[in-house]
Amino acid sequence: MVIKKERYVMGKNIKIVYVSDWTIGEHSLSNQDPFLKVLETFDAEVVVRSAFPQTFGEIDLLILHPMQMNGEVFEIISRSKKANPTIKTVVISSAHGSDLFLQAIDVGVDKYLLKPLLPSAVQKVVERLIAQSLEAKQAKRAYKQIELMFGSISKTALLIRIRQNGMISEVNSLLTTLIGLEAEEMVGKYWLRFVDKRFWIYLRTLVRSKLESGEIYRGIIEIIGKDNRTITVDSTIYAVLDNRNDIEEIVFIAHDVSEMKRAILESMKQLINCDTSLAVLFDHRYEAIMANRKFLEVNGYHNFDDLTRCCALRSWMIETHQGLLPIMRNKCSQKEGLEFIIKELKKGHINGRIILRDTAGVKTYYTVHMSSMTNPLIQNEEYHVLYFVDVSDMERLKEEKISDAKLISVGRLAAAITHEINTPITYIKGNLELLKWDCEDKVKDADVLFKPIYEGIERIESIVGSMYEFAGTGKEEMRKCNVHMTLIYALRIILNRAKHIVPIRVNGELFSLTSEYDPNGCMTMGISTRLEQVWIIIINNALDEFEKGEIPYENRIIDITLLCNEDEISVKLADNAGGIPENVLEGIFDFSIAGEKKKSMGIGLNVAKAIIDKHGGTIRARNVDEGAVFEIGLKNYKGE
């Protein structure tokens, strides 16, 4: 017999099976059963049976009212529980005994009622069990929905399920594939271990406050994958709360927005590529992540990755009171150098301009500026751009103006000095003539003795003329001259000092006053006295260094090599006096660099370079084997 109501308990069907084998003779008492009348008051489907079946289908409540309690009753309950674990069972028995009660417990009877029993007691038991069945059904349904939800999310989003203690309980395959880790490497680990550290403080606060109050977090964070690779994700984090509003589980759902981040960076790249300055983009950690085309071209790189893989092709220098000093003390990649520069600039340790010097020593001057822009994805974070503005042309113009001012001052000084020298030279020449006349009849070979004196006076007049030329008052013109002759003449003048300091060799032969020049030797278009002045300046500097050193005389040498080919004349002057200090070598030809203040004004090598430049030649200095080498190149004269 089935009694079916049209209404539903809490909107859901409840099915009750009532089994009673009570009879009087051949007549069943089920219709007069007081417990059945109680069941009819419930909004449920009630099925009444008079025999005990072997199994039951999907039912919510099984009520057994046997005439006799035996093992068959408990077997039915046991089979029903195995088939349907959520079924609730009630036994109404008139048989008393602890053994029966223990058997009922063993098979999982939910309520064992002993007669005599009022129908109202049965009603209360049934109400409670039906309520439990409804809760179980709702929980089961919710669990299925959650599983379905997680299943659908796992196909389209990154998923992490986290226990209330922060340990990962489950991750989906999309996440593990993206970050390059296996699920076993993540499950059981603390979840923040896979999140970039700069988000830790905020997320920990989030767990304590927002999630506990039922709020949901939405925002961009970066998760850490294999080899510390970061992946930017748009995340949703919420908590599953229990009946006491305590966190039972934390669910992390995210979508990969790395492509969006790449698009933003690409737009920034296009922006800085339009800039004519050298520009480098840095992230919030002040780590270089991108450089514009101008920067790569100037530094000789094909792409940004070369900055990380290669050592710096150029060195960054800064001007100090000690001269130019490298910004980076140790060898490093260009990327590391740039990161050091931006951090030093942020601290205020770099002001004004910095200098980029290549392997050939060529310097480029820059002013450095930094600007910041908001990260569109992550709040309160910024990208930083370092701009290098080339001011080399302005700096060179400024240096030229300063040099011009110095040269004007030196020119005025030279004009005054040469004027003062000319007067005593005139006295010397006049008195020398009188002395020569007086000695012609008294001293044998007087002309030979007086010849070097006249040559010395001529050299002084030549040098005075050179100073006039340097001062802008000279009249000398370029004409064909013998470079070998200028060397011999210069050495004759300087020999009186040099012979006590160091032997001098020219093309492998020891020089003396009897050494002659090749009249058909290397010819150039120039001014002989100017070239002689160059040789005297360079050799005098070498003599000064020998006098300061402690090298034995027999180990000293100045070696001059003259080579002449079809297009160029090369003169190399080498010594072993100890070389040029490295901090001086770079600016050796600058004004007021060469020479000691007590011995010179520091204009010697500057004048020498000016003379060679005027002749269209080249001059450079370097250190070789504990000595200095000056190499001068002049054009070979090919005219008739």
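Residues numbered from 1 in each chain as written. Predicted model: local features only at pLDDT ≥ 70, side-chain atom pairs only at ≥ 80, totals over all residues. Heavy atoms only, no water.

(A) Representation of the overall build of the protein in the model. Assigned secondary structure in the protein consists of 16 helices and 28 strands. Counting every position in the protein, which comprises 640 residues, the buried fraction comes to 42%. Looking at the protein alone, contacts between residues at least 24 apart form 59% of all its contacts between residues at least 6 apart. For the protein, the computed accessible surface area is about 36,200 Å², with 52% contributed by carbon and sulfur atoms. (Helix = DSSP H or I, 4+ residues; strand = E, 2+ residues; numbered from the N terminus. Buried < 20%, exposed > 50% of the residue type's maximum accessible area, 1.4 Å probe, protein only. Contact = heavy atoms within 4.5 Å. Areas by Shrake-Rupley, 256 points an atom, 1.4 Å probe, with all protein chains shown as cover.)

(B) Geometry of the pairing of strand 6 (residues 61-65). For strand 6, the tally of buried residues reaches 5 of 5 residues, placing the bulk of the element in the interior. Both strand 2 (residues 15-20) and strand 6 contribute to a ladder of 5 bridges, which runs parallel. Note that in strand 6 the partner of Tyr18 across the bridge is Ile63. Pairing analysis gives 4 bridges linking strand 6 to strand 7 (residues 88-93), with the strands arranged parallel. Within the sheet, the bridge partner assigned to Leu62 lies in strand 7 and is Thr89. Taken together, strand 6, helix 2 (residues 71-83) and strand 7 form a β-α-β motif whose crossover is right-handed. (Pairing = 2+ DSSP bridges. Right-handed = clockwise from strand over helix to strand, strands pointing away.)

(C) Structural context of the sheet that holds strand 11 (residues 217-224). Across the sheet, 5 strands lie side by side as 10-9-13-12-11; this open sheet has antiparallel pairing. Among the strands making up the open sheet, the edge pair consists of strand 10 (168-171) and strand 11. With strand direction ignored, the average angle separating the axes of adjacent strands in the sheet is 30 degrees. Of the strand pairs in this sheet, strand 9 (residues 158-163) and strand 13 (residues 247-256) are connected by 6 bridges, and their pairing is antiparallel. Paired with Arg163 across the two strands is Glu249, which belongs to strand 13. Most of the contacts of helix 6 (residues 200-208) go to strand 11, to which it runs at about 135 degrees, and overall it touches strand 11, strand 12 (230-241) and strand 13. (Axes fitted to C-alpha atoms, helices over the stretch in contact; angles between N-to-C directions.)

(D) Looking closely at the sheet that holds strand 28 (residues 628-635). Taken in spatial order, the 6 strands line up as 23-22-25-26-28-27 in an open sheet, and their pairing is mixed. Because the sheet does not close on itself, it has two edges, and the strands there are strand 23 (509-510) and strand 27 (618-623). As judged from the 7 bridges shared by strand 25 (residues 558-564) and strand 26 (residues 568-575), these two strands associate in the antiparallel manner. In the strand pairing of strand 26, Leu563 is matched with Ser570. Across the sheet, helix 13 (residues 483-498) touches strand 22 (504-506), strand 25, strand 26 and strand 28, and the angle it forms with strand 25 is around 170 degrees. Contacts from helix 14 (residues 528-548) reach strand 22, strand 25, strand 26, strand 27 and strand 28, with the element oriented near 20 degrees to strand 26.

(E) Looking closely at the nonpolar core. In this structure, Trp535, Ile539, Ile558, Ile560, Val571, Phe630 and Ile632 are the most contacted members of the largest nonpolar core, which totals 47 residues. Broken down by secondary-structure element, the contributors of at least two residues to this core are helix 13, strand 22, helix 14, strand 25, strand 26, helix 16 (604-614), strand 27 and strand 28. Here this core gets 10 residues from one element, more than from any other, and that element is helix 14. Non-local contacts of Trp535, meaning those with residues more than four positions away in its chain, are made with Val483, Thr486, Leu487, Ala490, Val571, Leu573 and Ile632. Counting residues in each nonpolar core, the second largest holds 42 residues, with Ile160, Leu206, Phe252 and Ile264 among its members. (Core = buried A, V, L, I, M, F, W, Y, C linked by side-chain atoms within 4.5 Å.)

(F) Representation of the packing of helix 14 against helix 16 in the model. For the pair helix 14 and helix 16, the least separation of the axes is 9 Å and the interaxial angle reads 150 degrees. Crossing of helix 14 against helix 16: the hand is left-handed. Residue-level inspection shows Arg530, Leu531, Gln533, Val534, Ile537, Ile538 and Asn541 of helix 14 in contact with helix 16, the latter providing Gly604, Leu605, Val607, Ala608, Ile611 and Ile612. The residue makeup of the contact of helix 14 with helix 16, split by class, is 9 nonpolar, 3 polar and 1 charged. (Left-handed = near helix turned anticlockwise from the far one by under 90°. Nonpolar A, V, L, I, M, F, W, Y, C, P; charged D, E, K, R; others polar.)

(G) Region of interest: unusual backbone geometry. Note the cis peptide between Lys115 and Pro116, where omega equals 5 degrees. Mapped onto the secondary structure, Pro116 falls in the loop between strand 8 (111-114) and helix 4 (119-156). Positive phi is not limited to glycine here, since Asn228 has a value of about 60 degrees. Mapping Asn228 onto the fold places it in the loop between strand 11 and strand 12. Phi at Asp625 is positive, roughly 50 degrees, even though this residue is not glycine.

(H) The pairing of strand 12, seen in detail. Two strands pair when backbone bridges link them, and strand 11 and strand 12 are joined in this way by 8 bridges, in the antiparallel orientation. Residue pairing across strands places Glu222 opposite Thr232, the latter belonging to strand 12. The turn linking strand 11 back onto strand 12 is made up of 5 residues, and Asp227 within it adopts a positive phi angle of 60 degrees. With 9 bridges joining them, strand 12 and strand 13 adopt antiparallel strand pairing. In the strand pairing of strand 13, Thr236 is matched with Ile253.

(I) Molecular detail of a nonpolar patch on the surface. Taken together, Leu413, Ile417, Ile421 and Ile460 make up a surface patch of nonpolar side chains, about 280 Å² in accessible area. Among the elements that make up the nonpolar patch, the one with the highest residue count is helix 11 (residues 392-439) (3 residues). Tracing the backbone shows Ile417 in helix 11. Judged by relative accessible area, Ile417 falls into the partly exposed class, the value being 35%. (Patch = residues over 30% accessible without salt bridge, like charges linked within 9 Å, V, L, I, M, F, W, Y side chains within 5 Å. Salt bridge = Lys/Arg side-chain N within 4 Å of Asp/Glu carboxyl O.)

(J) Just the side chain of Thr232, in detail. Tracing the backbone through its elements, the reader meets Thr232 in strand 12. A relative accessible area of 2% means that Thr232 is categorised as buried.

(K) The packing of aromatic side chains, seen in detail. Under the counting rule described, the total for this entry stands at 8 aromatic pairs. Relative to Phe388, the ring of Trp316 lies with its centre 4.7 Å away and its plane at 25 degrees, an arrangement referred to as stacked. In this pair, Trp316 is assigned in strand 16 (residues 315-320) and Phe388 in strand 20 (residues 382-390), connecting sequence segments 72 residues apart. Taking relative accessible area as the criterion, Trp316 reaches 6% and is therefore assigned buried. Look at Phe388 and you get buried, because its relative accessible area is 0%. A ring pair is formed by Tyr489 and Tyr517, whose centres lie 6.1 Å apart and whose planes are at 90 degrees; its orientation type is edge-to-face. Here the residue Tyr489 occupies a position in helix 13, and Tyr517 occupies one in the loop between strand 23 and strand 24 (523-526), the gap between them amounting to 28 residues. Tyr489 gets classed as partly exposed once you look at its relative accessible area, which sits at 24%. Within the aromatic cluster, the residues linked to one another by ring pairs are Phe295, Trp316, Tyr366 and Phe388. (Phe/Tyr/Trp six-rings, centres within 6.5 Å; stacked < 30°, edge-to-face > 60°.)

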